[in-house]
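Chain and residue survey
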Amino acid sequence: MALIHHTTMRPTKLELLADWLPTRAWYAAGPHAPRPVKAGGFRLDDPEGEVGVEFMVVTDGEGPDAVAYLVPMTYRGKPLDGAEHALIGTSEHGVLGTRWIYDGVHDPVLVGELYALLAGRAVPQQQSVSDAADPTVAAVLDAAAVATGDVEPLGAVDGAGHTDIRVRVGDGAEPLTLRLRRVLRPAAEDGGAAALGTLTAEWTPAGPEGGPEGTAVRGAYVTVHRP
């Protein structure tokens, strides 16, 4: 299990995201939005123990009208070859030193563990506690869509409010699309097309001073489709 170090990061993840989010096509708030506020998420373990994997939810400000965004990130001790376009930034970790932080939809470790989670072969972990499963994260995948073998990422493309990650699982298998919801909606408002699988989790809108406001809401983070 990944060890969570309670230490400093300079710049912080939220400071990096404040500059990076307005450059995304799916970001709705524009260049002068309030600084992002953390609102939830979870982690996954890299089986090799080398890459940090986090699904973070942030809002563009506070209160009921703030939009929630899903930002999957990976943390590496050295640059990921061929992923310069996916770099969010670098940060100095108080224990681990320089960390290269990537938009995780372009990192094969995150994509592989995301599919493993959907297929019931990985356990979601709490964001800020070491070796602690997160029971609020739920994943289901149609048995007919589950394939064994290595996960081969085929590319990720941003859309309006989402990013589609195409993968092939096993030799000769038909590709699947993992649709990651960049703009999150509560379940009652999430009227997406029928999916082969769904990953749902919670987030809590931030109130004044960054504290929680109201009750956590729940919705789809990821849905699975045929191309």
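Note: the structure precedes this text.
Overview of the structure.

1. Examining helix α1 (residues 13–20)
One full turn of an α-helix is made of 3.6 residues, so residues set three or four places apart face in the same direction. Along α1, the positions that sit buried rather than exposed are Lys13, Leu16, Leu17, Ala18 and Trp20. Against β1 (9–10), β2 (37–44), β3 (52–59), β4 (68–76), β5 (87–93) and β6 (97–103) lie the buried residues of α1.

2. Topic: the packing of aromatic side chains
Considering all chains together, one arrives at six aromatic pairs under this definition. Ring centres of Trp20 and Trp26 lie 6.0 Å apart, and the angle between their planes is 65 degrees; on these two criteria the pair is classed as edge-to-face. Comparing Trp20 with Trp26 shows no difference in burial state: the two are buried. Note on Trp26 and Tyr69: the rings are 6.1 Å apart at their centroids and 40 degrees apart in plane angle, and the pair reads as tilted. Of this pair, Trp26 sits in the loop between α1 and β2 while Tyr69 sits in strand β4, and the two are 43 residues apart along the sequence. Both residues of the pair, Trp26 and Tyr69, belong to the buried class.

3. Regarding the pattern of salt bridges
Under the counting rule described, the total for this entry stands at seven salt bridges. Linking Asp103 and Arg182 is a salt bridge whose minimum nitrogen-to-oxygen distance equals 3.0 Å. With Asp103 in strand β6 and Arg182 in the loop between β10 (176–181) and β11 (197–203), the pair connects residues that are 79 residues apart, well separated along the chain. Taken as a pair, Asp103 and Arg182 share a single burial class, namely buried. Here the salt bridges share partners, and the residues they tie into one network are Lys13, Arg43 and Glu54.

About the thresholds
Residues numbered from 1 in each chain as written. Predicted model: local features only at pLDDT ≥ 70, side-chain atom pairs only at ≥ 80, totals over all residues. Heavy atoms only, no water. Buried < 20%, exposed > 50% of the residue type's maximum accessible area, 1.4 Å probe, protein only. Helix = DSSP H or I, 4+ residues; strand = E, 2+ residues; numbered from the N terminus. Contact = heavy atoms within 4.5 Å. Phe/Tyr/Trp six-rings, centres within 6.5 Å; stacked < 30°, edge-to-face > 60°. Salt bridge = Lys/Arg side-chain N within 4 Å of Asp/Glu carboxyl O.

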